[in-house]
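Fold and contact review
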Amino acid sequence: MIRVLIVDDHPVVRAGLRALVDGQEDLTVVAEADGFDTALAGAAVERPDVVLMDLSLGAGDKGGAETTAALRAMADPPEVLVLTTYDTEADVLRALDAGARGYLLKDAPPDELFTGIRATARGETVLAPSVAATLVRRTTGASTITEREVEVLELLSRGLGNREIARELFVSEATVKSHLSHVYTKLGVDTRAGAVAAAIERRIIRQ
């Protein structure tokens with residue numbers, strides 16, 4: 001059973017997340033917190049495997065990045081999965097530098113959230129497509145990489161062919177080929193396997 005601590009300053013959001021997470025057989029919410037102090041106290045007592053962390057914790061409180069850093073500095077630190085509405089480069093880098101394992105947005109589908117929690121518990125990196133695009137822009141200089149190209153890479157890593165990718169994304173095969181061509185250029189590769197390997201190495205997608 002994966003033990004989860006929810007950190008968010010909005011009670012309604014916490015209640016909604018608790019209902020979703022507790023609905024999964026292998027996930028359970030062991031505590032909620034509305035800020036820095038309650039998050040550290042909850043983590044110390046309940047020893048969660050994963051902390052779902054909002055970045056904005058209310059006026060006058062320390063932010064999610066500072067709370068993440070404090071949690072990761074504990075003797076037996078939990079993994080932290082950021083769940084927020086903010087995806088600017090500054091927010092992303094601040095959270096990841098603080099020790100967050102992953103970064104998802106609150107508009108993510110429930111299944112993506114559940115998958116993210118499980119992957120985070122295993123120590124894997126979890127990134128929303130827009131966040132992955134932000135990081136790849138920073139690390140490769142590929143200033144025009146798009147969220148759709150990240151999605152294509154994720155499907156490519158699952159072994160899907162152009163026709164299957166097109167069906168999944170509701171686009172034409174020609175569009176998929178165009179996306180792949182752009183991805184090859186941006187990653188400096190010339191094969192599908194090379195693109196997947198480069199994307200995993202640069203943490204654009206999870207293995």
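Relevant structure appears above.
Each chain carries its own residue numbering, running from 1 in the direction its sequence is written. Local features in this predicted model are restricted to residues of pLDDT 70 or higher, and side-chain atom pairs are both shown and tallied only at a pLDDT of 80 or more, whereas totals for entire chains, interfaces and linings draw on every residue. For side-chain calculations, the full set of non-hydrogen atoms in the structure is used, while hydrogens and water are omitted.

**Topic: the environment of Arg122**
Strands are runs of DSSP state E lasting at least two residues, helices are runs of H or I lasting at least four, and both sets are numbered from the N terminus onward. Along the chain, Arg122 turns up in the loop between helix H5 (110-121) and strand S6 (126-127). Accessible area is worked out with a 1.4 Å probe on protein chains only. A residue is then buried under 20% of its type maximum, exposed over 50%, and partly exposed in between. Owing to a relative accessible area of 55%, Arg122 belongs among the exposed residues under this scheme. The spatial distance from the C-alpha of Arg122 to the C-alpha of Asp49 is 9.3 Å, given a sequence separation of 73 residues. The definition of a polar contact used here is a pair of N or O atoms within 3.5 Å, where within protein one atom must be able to donate a hydrogen and the other to accept one, and adjacent residues in sequence count solely through side-chain atom pairs. Here the side chain of Arg122 touches Glu124 through a polar contact of 3.0 Å, side chain to side chain.

**Here we look at the packing of helix H7 (residues 147-157) against helix H9 (residues 173-187)**
Relative to each other, H7 and H9 sit at 95°, their axes nearing to 10 Å. As summarised for this structure, H7 and H9 are arranged roughly perpendicular, according to the angle between their axes. Seen from H7, the contacting residues are Arg148, Glu149, Val152, Leu153 and Leu156; seen from H9, they are His179, Leu180, His182, Val183, Lys186 and Leu187. For this classification, the nonpolar set comprises Ala, Val, Leu, Ile, Met, Phe, Trp, Tyr, Cys and Pro, the charged set comprises Asp, Glu, Lys and Arg, and every other residue, Gly included, is treated as polar. Here the contact of H7 with H9 is built from residues that sort into six nonpolar, two polar and three charged. Lines fitted to C-alpha atoms define the axes here, with helix axes fitted over just the stretch in contact, and angles between the N-to-C directions of these axes take values from 0 to 180 degrees. Roughly parallel means an angle under 35 degrees; roughly antiparallel means over 145; roughly perpendicular covers 65 to 115; every other angle is labelled oblique. Contacts are assigned to residue pairs that have any heavy atoms within 4.5 Å of one another.

**Thoughts on the packing of aromatic side chains**
Aromatic ring pairs are reported here in terms of the distance separating the ring centres and the angle at which the planes meet. Classification of ring pairs rests on two measures: the distance between centres of Phe, Tyr or Trp rings, Trp counted by its six-membered ring, which must be within 6.5 Å, and the angle between planes, read as stacked under 30 degrees, edge-to-face over 60 and tilted in between. On inspection of all chains with the given rule, the structure shows zero aromatic pairs. Just above the ring of Phe36 sits the side chain of Lys62; from NZ or CZ to the centre is 4.3 Å. A positively charged side chain is recorded as over a ring if its NZ (Lys) or CZ (Arg) lies within 6 Å of the ring centre. The angle to the ring normal must also be within 35 degrees.

**Some remarks on the pairing of strand S3 (residues 50-53)**
Because side chains alternate across S3, one face comprises the buried residues Val50 and Leu52, and the other comprises Val51 and Met53, equally buried. Two strands are counted as paired when DSSP detects at least two bridges linking them. Pairing geometry for strand S1 (residues 2-7) and S3, over four bridges, is parallel. Bridge pairing in S3 places Ile6 opposite Leu52. Across four bridges, S3 lies against strand S4 (residues 79-84) in parallel orientation. Residue Val51 lies in a different strand from S4, and its bridge partner there is Val80.

**What to know about a negative patch on the surface**
Like-charged residues are merged into a patch within 9 Å and nonpolar side chains (Val, Leu, Ile, Met, Phe, Trp, Tyr) within 5 Å, provided each residue has over 30% relative accessible area and no salt bridge. For accessible areas, the Shrake-Rupley method is used with a probe of radius 1.4 Å. Any residue's cover is judged against the shown protein chains and nothing else. In what follows, salt bridge is the name for a side-chain nitrogen of Lys or Arg lying within 4 Å of a carboxyl oxygen of Asp or Glu. His is not counted here, nor are the chain ends, while Lys and Arg score as positive and Asp and Glu score as negative. Where a charge lies is defined by one atom per residue type, namely NZ (Lys), CZ (Arg), CG (Asp) and CD (Glu). Together, Asp87, Asp107, Glu112 and Glu147 give the surface a local cluster of negative charge. Mapped onto the fold, Glu147 is located in helix H7.

**Overview of the packing of helix H8 (residues 162-169) against H9**
For the pair H8 and H9, interaxial distance at closest approach is 8 Å and the crossing angle is 105°. By the angle between their axes, H8 is roughly perpendicular relative to H9. Residues Asn162, Arg163, Ile165 and Ala166 of H8 lie in contact with H9, whose contacting residues are Glu173, Val176, Lys177 and Leu180. Within the contact of H8 with H9, the residues separate by chemical class into four nonpolar, one polar and three charged.

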